[in-house]
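# Report on the structure
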Amino acid sequence: MMKQIATESIAMTRPYSEATLEQLLRSRRSVRGFTNQAIDSATLEQIFTEAQLSPSNCNTQPWQTYVASGNSCNQLRQGLVEQIMAGTPPKAEFDYFSKFSGEHRTRQVECAEALYGAMGIPREDKRGRMGALVRNYQFFDAPHVAFICMNKEYDIVNSLDIGVYLQTLMLVMEAHGVASCAQGALAYFPPLVKEVMGIPEQEGILVGISFGYEDPDVAANNARTSRAPLAQCVQFKN
Ligand SMILES: Cc1cc2nc3c(=O)[nH]c(=O)nc-3n(C[C@H](O)[C@H](O)[C@H](O)COP(=O)(O)O)c2cc1C
């Protein structure tokens, strides 16, 4: 039988960041430029062990996570860039709804402007924008990338668990001083990823995440996003 993860033993052994949850929530942001310094394997294992504490519907823990480092990470980086440069049509295994409207569209545009602005890419610069897209498939030079999968028969409600897990993972990384960028873009070319990572056919890639140590000299890392005022998103009623 596989060893279960006991929450108490994790709490006892961690050499954890002393940051409060609020500090972690405020300091975490998407990083799109990494140094080539790999995370040591003990920290890597600890990060993913702690992320296992994420809650899920009926405790099903429906995430299957595949972490690529070293050769596999470089092989995927090269292969995915080749695919995008060759104009391979994207074919995600789950629907990605991206036709936003109203304030969601406004926020989407603001987010793109923040990133392209930081990178010095004007709106009409199609080549520059393509270059920024390709950076996704270079994993922003990160030494690690993880693909988070779910059974292909599962649907939107089960993907809630994956979203919760993703946020847990990002905050745990932040607590360990590890920067990350969640990437829907990494779900678009599954065959190569599944072959290199040995992902079974019945699992679908929902999202990827590049991670490592931030390179502060990368212009894209100057991008900052904001959040809507509370009243736009939360209604209180007595
Ligand atoms: C599910 C998900 C998918 C995302 N996909 C991408 C992506 O493909 N490429 C990218 O550069 N950023 C991606 N992001 C990062 C978002 O753009 C970012 O979280 C958002 O703009 C808020 O900025 P912040 O993370 O810096 O707070 C994704 C984030 C999430 C949660």
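As a reminder, the structure under discussion sits directly above these lines.
Structural notes, computed from the coordinates. Bear in mind that the values here come from a model prediction, so they are computed numbers and not experimental data.

Thresholds applied
Residues numbered from 1 in each chain as written. Predicted model: local features only at pLDDT ≥ 70, side-chain atom pairs only at ≥ 80, totals over all residues. Heavy atoms only, no water. Salt bridge = Lys/Arg side-chain N within 4 Å of Asp/Glu carboxyl O. Helix = DSSP H or I, 4+ residues; strand = E, 2+ residues; numbered from the N terminus. Buried < 20%, exposed > 50% of the residue type's maximum accessible area, 1.4 Å probe, protein only. Near = heavy atom within 4 Å. Polar contact = N/O pair within 3.5 Å; in protein donor to acceptor, adjacent residues only side chain to side chain. Areas by Shrake-Rupley, 256 points an atom, 1.4 Å probe, with all protein chains shown as cover. Nonpolar A, V, L, I, M, F, W, Y, C, P; charged D, E, K, R; others polar.

Let's shift gears to the pattern of salt bridges. A complete count under the given rule lists 7 salt bridges for this structure. The closest approach of N and O atoms between arginine 29 and glutamate 214, which form a salt bridge, is 3.0 Å. With arginine 29 in the loop between α2 (21-27) and α3 (41-51) and glutamate 214 in the loop between β4 (203-212) and α9 (230-233), the pair connects residues that are 185 residues apart, well separated along the chain. Since its relative accessible area comes to 28%, glutamate 214 is described here as partly exposed. Put simply, glutamate 201 and lysine 152 hold a salt bridge, and the shortest N to O gap is 2.6 Å. Of this pair, glutamate 201 sits in the loop between α8 (190-197) and β4 while lysine 152 is found in the loop between β2 (144-151) and α7 (156-175), placing the two residues 49 residues apart along the sequence. Classification of glutamate 201 by relative accessible area gives exposed; the value is 56%. Three or more residues joined by partner-sharing salt bridges are found here, namely Glu93, Lys152, Lys194 and Glu201.

Taken together, the neighbourhood of the ligand is formed by 14 residues, with Ser30, Arg32, Asn136, Gly184 and Arg227 sitting nearest. At a separation of 2.8 Å, a nitrogen atom of the ligand approaches a polar backbone atom of glycine 184. Burial of the ligand by the surrounding chains reaches 69%, relative to a free accessible area of 620 Å². Among the elements that make up the shell around the ligand, the one with the highest residue count is strand β3 (residues 179-183) (3 residues). Its residues assigned to classes, the shell around the ligand comprises 5 nonpolar, 5 polar and 4 charged.

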